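Now for the letters of each chain:
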Amino acid sequence: MAEQLGDLTRTHTCGALRPEDVGADAVLLGWVHRVRDLGGLLFVDIRDRAGITQIVFDKDDEALMAKAKRLRSEFVIGAAGHVRRRSAETVNPKLPTGEVEIVVRRLVLLNEAKTPPFTIADETPVSEDVRLKYRYLDLRRAQLQANMGLRHRVTMVIRRYFDAHGFWEIETPILTKSTPEGARDYLVPSRVHPGEFYALPQSPQLFKQILMIGGVDRYVQICRCFRDEDLRADRQPEFTQVDVEMSFARPETIFGMIEPLMREVFAVIGREIATPFQRMAYADAMARYGSDKPDLRPGMPIQDIRELFRASSFRVFRDIVANGGTVRGFVVPDAAGYSGTEVRALEDEAKSLGATGLVWARRAADGAITSSVMKALGEPAVAQLLEATGVQPGGLLLVVAGEPDTASKLLGQLRLNVARRKGLLKPDDYAFAWVVDFPLLAWDAGEQRYVSMHHPFTSPHEDDIGRLEAEPAEVRAKAYDLVLNGSEIGGGSIRIHDADLQRQIFSLLNISADEAKLRFGFFLDALEYGTPPHGGIALGLDRLCAILTGESSIREVIAFPKTAAAVDPMSDAPSPVDPKQLRELHLAIKR
């Protein structure tokens, strides 16, 4: 039978006591972490989120000792006693409280616990399915508690930072209008309006723009967003973003606000971040790294070397260049010693990624040159190739040829694979970059229409507005992504603040005037009433915290995440509902 708390009041957390507290009375409340029975003495480690303290029961108090011998792991207890210093040979240097212990005078057994399906005290591997089913137990483990604590501190830093810079935190609606453009909406049927639906917000995009129209000037919100996306390993159907919008903003205004924020956020883990961040155009990111979210940690940028092959004796590459293709490659330092087996493995890897072949050339530590195309090119041409690409002694050059975008994407993946094997993707190295000048539109071959690269409220670059009708694919967007270690941790843009331009963009997206009025009429009306230029960004809080904690999955920094199948094993959601609820919502399930 569980005892009541009664008059027992916690005086210290389980991580607070130190040698200066020796002689004081203390009351600790928490969970039994470990029990060690030495016969005449019983030692119990009591745990809460702040840490662990050793408490001691002496055989001289038979009734108290008998009660203590009932204790098992994860029982909830209260212990009152006095603090004493541990003997020199029993000090535990691994614990901040390891120099002291509590000699217990009173024990309250607040609750018992069944044997957990996994050990809380040890960070032993446990399958993710089991961890998520028993998330309330998983949350007691030290690593997950540390992650939750860091997420809290990061959130508080963000709130204080924006408050100090004049931003107002304003909640936007969770039940809103479905305006599908991108991911699918989660729909919520209306009981009082049969056949009509709300949608859960994919982002507060339109509302934060309307706040700028409403004169709020600077808005921030740490908000939940919902996207009914196809299943991906590290995506969540609901996630948290730091949503920011500013009136009278240029891209540089946003950069100047976010970069100091990142300095303060990374100071939470004791890291100093250099600013300003590198900036690169989307086209350069794709060409040099094969990705619009490049990981800059390993270096090894992709180089365009087509001119070396335009008149080359190597016919294969010469013909590709003549037909509008390219030749690109990257240099792997300290790799000239790769064995023949390792080089063949790279060739096979490139083919598995889609290459028709992989050409390599290397300069040994003693300066000797070898290449897979030595016979076709000749040593002078291979030497010229190595010289042009900056291959130092010990370096290896990997080259593919083909359509430019395909070649860079293939090399980009191969580059990351090589960097991973060489240990160049260190989780505690941080390489930020702004990727800018995205294309405004992309052609969707399946739908046979243009779609927005970001969203349809992104402003075209002012220098390109005149090309919208004749050359829409060439128009740049005033959009920008914040990239860190190969992850996009933020995306934003300067918005369209002119109603006529917004209608023109809708037309280019094959959204008719009637459809635009139906889906976005309230927003188009608002644009007509003196909308200031404005822009903003949304930062992915989950992804940022995962990087800060060194976790590979965002599920490790979310208290109650879904699985990769968008299921919550703990609450068994999603699940069927009572037929009465469906009738009230005027819904029927079609089997």
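Everything here concerns the structure above.
Here goes a summary of the coordinates provided. Nothing here was measured: the structure is a model prediction, and the numbers come from that model.

Criteria and cut-off values
- Residues numbered from 1 in each chain as written.
- Predicted model: local features only at pLDDT ≥ 70, side-chain atom pairs only at ≥ 80, totals over all residues.
- Heavy atoms only, no water.
- Buried < 20%, exposed > 50% of the residue type's maximum accessible area, 1.4 Å probe, protein only.
- Helix = DSSP H or I, 4+ residues; strand = E, 2+ residues; numbered from the N terminus.
- Polar contact = N/O pair within 3.5 Å; in protein donor to acceptor, adjacent residues only side chain to side chain.
- Contact = heavy atoms within 4.5 Å.
- Core = buried A, V, L, I, M, F, W, Y, C linked by side-chain atoms within 4.5 Å.
- Axes fitted to C-alpha atoms, helices over the stretch in contact; angles between N-to-C directions.
- Parallel < 35°, antiparallel > 145°, perpendicular 65-115°, else oblique.
- Left-handed = near helix turned anticlockwise from the far one by under 90°.
- Nonpolar A, V, L, I, M, F, W, Y, C, P; charged D, E, K, R; others polar.
- Phe/Tyr/Trp six-rings, centres within 6.5 Å; stacked < 30°, edge-to-face > 60°.
- Lys, Arg positive; Asp, Glu negative; His and termini not counted.
- Salt bridge = Lys/Arg side-chain N within 4 Å of Asp/Glu carboxyl O.
- Pairing = 2+ DSSP bridges.
- Expected span 1.5 Å × (residues − 1).
- Bend = angle between axes of the 7 residues up to and from the residue.
- Disulfide = S-S within 2.5 Å.

Notes on helix α13 (residues 499–508)
Along an α-helix, residues three or four positions apart point the same way, because every turn accommodates 3.6 residues. Burial in α13 covers these residues: A499, L501, Q502, I505, F506 and L508. One side-chain oxygen of the residue at the start of α13 lies 3.1 Å from the amide nitrogen of D500, identifying that residue as D498. Just downstream of α13 lies N510, where phi reads positive at about 65 degrees.

Looking at the environment of D334
Following the sequence through the fold, D334 ends up in the loop between β13 (326–332) and α9 (340–352). Residue D334 is classed as exposed on the basis of its relative accessible area of 67%. It is 33 Å that separates the C-alpha atoms of D334 and D234, two residues lying 100 residues apart in sequence. If we skip the residues at most four places from it in the chain, D334 touches G394, G395 and K422.

Re the nonpolar core
A general feature of soluble globular proteins is that nonpolar side chains tend to end up buried together. If you look at the biggest cluster of nonpolar residues, it comprises 43 residues, and the most contacted ones within it are F162, I258, M262, F266 and F432. Within the second largest apolar cluster, 35 residues are counted, among which are L440, A477, L508 and A526.

Section: the packing of helix α4 (residues 142–164) against helix α15 (residues 541–549)
At a minimum axis distance of 10 Å, the contact between α4 and α15 shows a crossing angle of 120 degrees. It follows from the interaxial angle that α4 and α15 lie oblique. Here α4 runs over α15; the crossing is right-handed. Every residue of α15 that contacts α4 at N147, L150, R151, V154, T155 and I158 is listed here: L541, D542, C545, L548 and T549. Looking at the contact of α4 with α15 residue by residue, the classes come out as six nonpolar, three polar and two charged.

Quick word on the environment of L41
Relative to the helices and strands, L41 resides in strand β2 (residues 41–48). Dropping the residues within four chain positions of it, L41 is found in contact with R36, V56, F57, D58 and M65.

Some details on the packing of aromatic side chains
Counted by the stated rule, this structure contains 17 aromatic pairs. For the ring pair F162 and F167, a centre distance of 4.9 Å and an interplane angle of 70 degrees mean the geometry is edge-to-face. Pair check on accessibility: F162 and F167 agree, each one buried. Seen in terms of ring centroids, F457 and F520 are 5.6 Å apart; in terms of plane orientation they differ by 80 degrees. Their pairing is edge-to-face. Taken together, the residues F457 in the loop between β19 (449–452) and β20 (479–484) and F520 in helix α14 (residues 513–527) connect sequence positions 63 residues apart. Residue class for F520 comes out buried when judged on its relative accessible area of 1%.

Concerning the side chain of D21
Residue placement: D21 occurs in the segment before β1 (25–37). No salt bridge is formed by the buried D21. Its closest oppositely charged neighbour is R18, at 6.5 Å. Aside from chain neighbours lying at most four places away, what touches D21 is H12, A16 and V83.

Topic: the sheet that holds strand β15 (residues 369–371)
A sheet is described by the order of its strands in space; here five strands give the open sequence β12-β13-β16-β14-β15, paired in antiparallel fashion. In this open sheet, the two edge strands, each paired with only one partner strand, are β12 (303–304) and β15. Strand direction decides the pairing type here: strand β14 (residues 359–363) and strand β16 (residues 396–402), joined by four bridges, are antiparallel. Paired with A361 across the two strands is L397, which belongs to β16. Helix α12 (residues 404–421) rests against β13 and β16 of the sheet, and its axis sits at about 15 degrees to β13.

Digging into α14
Over its 15 residues, α14 extends only 15 Å from the first C-alpha to the last, a length that falls short of the 21 Å expected when each residue adds 1.5 Å. In the structure, α14 departs most strongly from a straight axis at F520, where the bend amounts to approximately 90 degrees. Turning to α14, its buried residues number three or more, namely A516, R519, F520, G521, F523, L524, A526 and L527. Taken together, the buried residues of α14 touch α5 (205–213) and α13.

Quick word on the state of the cysteines
Working definition of a disulfide: a covalent bond connecting the sulfur atoms of two cysteines. Under the counting rule described, the total for this entry stands at zero disulfides. As a non-bridged cysteine, C223 has C225 as the owner of its nearest cysteine sulfur, 4.0 Å distant. Since its relative accessible area comes to 5%, C223 is described here as buried. Not part of a disulfide, C545 finds its nearest cysteine sulfur in C223, a span of 14 Å. Accessibility expressed as a relative area gives 0% for C545, which makes it buried.

Some details on the pairing of strand β5 (residues 100–111)
With nine of twelve residues buried, β5 is to be regarded as a mostly interior element. Examined bridge by bridge, strand β3 (residues 51–58) and β5 share two bridges and lie parallel to one another. In the strand pairing of β5, I55 is matched with I102. Note: strand β4 (residues 76–85) against β5, ten bridges, orientation antiparallel. Paired with G81 across the two strands is V104, which belongs to β5.

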